[in-house]
Amino acid sequence: MAGETISADNVGWLDVTGGISGDMLLGACVDAGAPLDVLRAAVAALGLADDVELAARTVTRRGLRATQVLVRCAPNQPARGLRDILGLLESSTLAPVVRGRAADVFRTLGAAEAAVHGRPIEQVHFHEVGALDSIADVVCAIVGLHALGVGRLVCSPISLGGGRVHAAHGAIPLPGPAVLELLRASGAPAAGGPVDVELATPTGVALAVTLAESFGAMPLMRTTAVGLGAGGRDLTEHPNVTRLVVGQENLAGAAVAHGARHGENVVLEANVDDLDPRLWPSTLAALLAGGALDAWLTPILMKKGRPAHTVCALCAPADTDRVRDVLFRHTSSIGVREYVVTKTALARRELRVPVAGGQVRVKVASSRGEVVNASVEHEDVLAVAAARGLAPKIVLELARAAAAEHLGTPAAPGTPAARPDQPEHT
Ligand SMILES: O=C([S-])c1cc(C(=O)S)c[n+]([C@@H]2O[C@H](COP(=O)(O)O)[C@@H](O)[C@H]2O)c1
Ligand code: NI
């Protein structure tokens, strides 16, 4: 795994309406095509090859074929806290990206346990979670997703189940305290039921809320692989499986040709004719602070000939509730329209160009492999201008010219044909 280059061009949709645990996600990855040997190599990279054995078998759950991954561990393992687990990851030869994501999952879980038990995170005991099988589950699920090329993960709402589970400290009500805290902290959508057994474990939920970029329905994709990971039980009412759907997001021929990515966002909007106009700037700022990717105002003429504004906010589906709350809190509107929009985003990269002794970032966008836009980061222009005592317009022109020279493109509009002389200053 060490030093391995991982391609992450695919999107993954995790259907956890049948529940999620660490080993169910692992089963879904293997079922979707992640080679078991790659996962075993990850265990070896952790230095645990002698202690953890992975096996996979085909099972049926409510008539559905699925893969169950069995993680067998050497007995008499020491109790491990967050520091031990992070140390294990740090001293491994796993790829840095895998180490980092696994550490994120355990920190998320540690924070939830700390909150639930009212202890500092360093003193948290991971009860069952600290066992080797959970460490293997987390690391191998992350490696499995990477082996499938999943760069972006979307997750369905989580089915939690219900009833009680018998754990180290006795019977605990479900959803368990750690799961509830993970849900509270992440804002992930979840519901109890539909059966009275534990469908979502702390490790499974920590993986979902840490790795998923957003929650919702299956995103627009061209499906290339489907994997079903089995839980331990074949319930009579409900298939106890986690499903993983892997696919390509670059759907439309045009988008593929442009090297662009599709994504789904939500637009929330309302027509408002009675808000004190001095409140609009703070409203737009609050929308952005509340999670909106963009927020804007359009002057309109409303019914009854009233001059008014349409306030719009664009956000990720997972942020819709928060952004809607801001709209209601900051405007006088008592209703909001919402619709899902798709977006084609060109491939982009960041360039840093030296300008007047400083550095300015430039966002370079390409279509069909050709650079079509180079956008200078204005905050950097202002910073360099302030540091060097120059007018921002001079720094902007220098940055555009430097970017054009670096990219071998004609100077962007607004860039002078010849570079202005570097002003002297002491
Ligand atoms: O033993 C205790 S105290 C205990 C606490 C909690 C909390 O939510 S706090 C949960 N559990 C149960 O342990 C297993 C762990 O599953 P993993 O797959 O996440 O390791 C699960 O059944 C939890 O509900 C135990
Ligand atoms: Ni606990």
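An unreviewed UniProt entry lists the chain under the name Pyridinium-3,5-bisthiocarboxylic acid mononucleotide nickel insertion protein, with Parafrankia irregularis given as the organism. The Catalytic activity (unreviewed entry) field of the UniProt record for the chain holds the comment "Ni(II)-pyridinium-3,5-bisthiocarboxylate mononucleotide = pyridinium-3,5-bisthiocarboxylate mononucleotide + Ni(2+)".

### Notes on the overall build of the chain
Per the secondary structure count, the chain includes twelve helices and 18 strands. Taking all 426 residues of the chain together, the buried fraction comes to 47%. Sequence-distant contacts, at least 24 apart, represent 68% of the contacts inside the chain between residues at least 6 apart. Carbon and sulfur atoms make up 52% of the accessible area of the chain, which totals about 20,600 Å².

### Re the packing of helix α2 (residues 36–45) against helix α5 (residues 132–147)
Two numbers describe how α2 lies on α5: the axes approach to 9 Å, and their chain directions differ by 135°. Of the possible angle classes, the one that applies to α2 and α5 is oblique. You can see that α2 and α5 cross each other, and the crossing is right-handed. Along its contact with α2, which presents V38, L39, A42 and V43, the element α5 presents V139, C140, V143, G144 and A147. Residue composition of the contact of α2 with α5, by class: eight nonpolar, one polar and no charged.

### Some words on the nonpolar core
Here is a general trend for soluble globular proteins: nonpolar side chains tend to be buried in one another's company. Ranked by internal contacts, the top residues of the largest apolar core, which has 69 residues, are I20, V139, I158, V205 and L244. Top contributing element to this core by residue count: α5, with ten residues. The next biggest cluster of nonpolar side chains, apart from the first, holds 18 residues, and it includes V353, V355, A385 and A402.

### Here's the deal with the sheet that holds strand β17 (residues 358–367)
An order of β16-β17-β18 is seen for the three strands of this open sheet, with the pairing classed as antiparallel. A strand with exactly one partner marks an edge of an open sheet, and here the two such strands are β16 (347–355) and β18 (370–376). Each adjacent strand pair in this sheet contributes to an overall mean axis angle of 30°, direction not counted. The sheet contacts of helix α11 (residues 378–388) involve β16, β17 and β18, and relative to β17 the element is tilted by about 160°. Sheet contacts for helix α12 (residues 392–407): β16, β17 and β18; angle to β16, the most-contacted strand, approximately 120°.

### Some words on helix α3 (residues 82–90)
Taken residue by residue, α3 has L82, I85, L88 and L89 as its buried positions. End-on view of α3: buried residues confined to an arc of 125°, all on one side of the axis. Exposed side of α3, more than 90 degrees from the buried face: R83 and E90 are the residues found there. Of the surrounding secondary structure, the elements contacted by the buried residues of α3 are α4 (96–117) and α5.

### A look at the pattern of salt bridges
Considering all chains together, one arrives at 17 salt bridges under this definition. Note that R40 and D37 form a salt bridge whose closest N and O atoms lie 3.2 Å from each other. Separated by three residues within a single helix, R40 and D37 lie in helix α2, roughly one turn from each other. According to the relative accessible area criterion, R40 is partly exposed, its value standing at 37%.

### Let's talk about the side chain of H238
Residue placement: H238 occurs in the loop between β10 (222–230) and β11 (241–248). For H238, the side chain forms a polar contact with the main-chain oxygen of T17, separated by 3.5 Å.

### Quick look at the packing of α4 against helix α7 (residues 202–211)
Two elements in contact, α4 and α7, have axes whose closest approach is 9 Å; the angle formed by their N-to-C orientations is 120°. Between α4 and α7, the interaxial angle falls into the category oblique. Here α4 runs over α7; the crossing is right-handed. In this structure, α4 contributes R101, D104, V105, T108 and L109 to the contact, and α7 contributes P202, T203, A206, L207, V209, T210 and L211. Class assignment of the residues belonging to the contact of α4 with α7 gives a composition of seven nonpolar, three polar and two charged.

### With respect to the environment of A56
Mapped onto the elements, A56 comes out in strand β2 (residues 52–61). Judged by relative accessible area, A56 falls into the partly exposed class, the value being 38%.

### Side note on the pairing of strand β7 (residues 170–173)
As paired elements, strand β6 (residues 164–167) and β7 share four bridges and run antiparallel to each other. Along β7, the bridge assignment pairs A167 with G170. Taking the residues that link successive antiparallel strands as the turn, the β6-β7 hairpin has two residues.

### Structural notes on the environment of L407
With respect to the secondary-structure elements, L407 resides in helix α12. Since its relative accessible area comes to 18%, L407 is described here as buried. For the pair formed by L407 and A374, sequence separation is 33 residues and the distance between their alpha carbons is 9.1 Å. For L407, the residues in contact, after removing those within four places along its chain, are R349, L351, V364, V371 and A374.

### Considering the confidence of the model for the chain
Looking at the chain as a whole, the pLDDT averages 87, with 90% of positions reaching at least 70. Contacts from residues 1–7, a stretch scored under 50 in pLDDT, to residues over four places away or in other chains number 13 contacts. Scored below 50 in pLDDT, residues 413–426 makes 17 contacts in the model with residues more than four places away or belonging to other chains. For this predicted complex, the interface confidence score (ipTM) comes to 0.97, while the overall pTM stands at 0.63.

What counts and what doesn't
Residues numbered from 1 in each chain as written. Chains lettered and ligands numbered in written order. Predicted model: local features only at pLDDT ≥ 70, side-chain atom pairs only at ≥ 80, totals over all residues. Heavy atoms only, no water. UniProt positions renumbered as here; feature names shortened; annotations may be inferred. Helix = DSSP H or I, 4+ residues; strand = E, 2+ residues; numbered from the N terminus. Buried < 20%, exposed > 50% of the residue type's maximum accessible area, 1.4 Å probe, protein only. Contact = heavy atoms within 4.5 Å. Areas by Shrake-Rupley, 256 points an atom, 1.4 Å probe, with all protein chains shown as cover. Axes fitted to C-alpha atoms, helices over the stretch in contact; angles between N-to-C directions. Parallel < 35°, antiparallel > 145°, perpendicular 65-115°, else oblique. Left-handed = near helix turned anticlockwise from the far one by under 90°. Nonpolar A, V, L, I, M, F, W, Y, C, P; charged D, E, K, R; others polar. Core = buried A, V, L, I, M, F, W, Y, C linked by side-chain atoms within 4.5 Å. Pairing = 2+ DSSP bridges. Arc of directions from axis to C-beta. Salt bridge = Lys/Arg side-chain N within 4 Å of Asp/Glu carboxyl O. Polar contact = N/O pair within 3.5 Å; in protein donor to acceptor, adjacent residues only side chain to side chain. pLDDT = per-residue confidence, 0-100.

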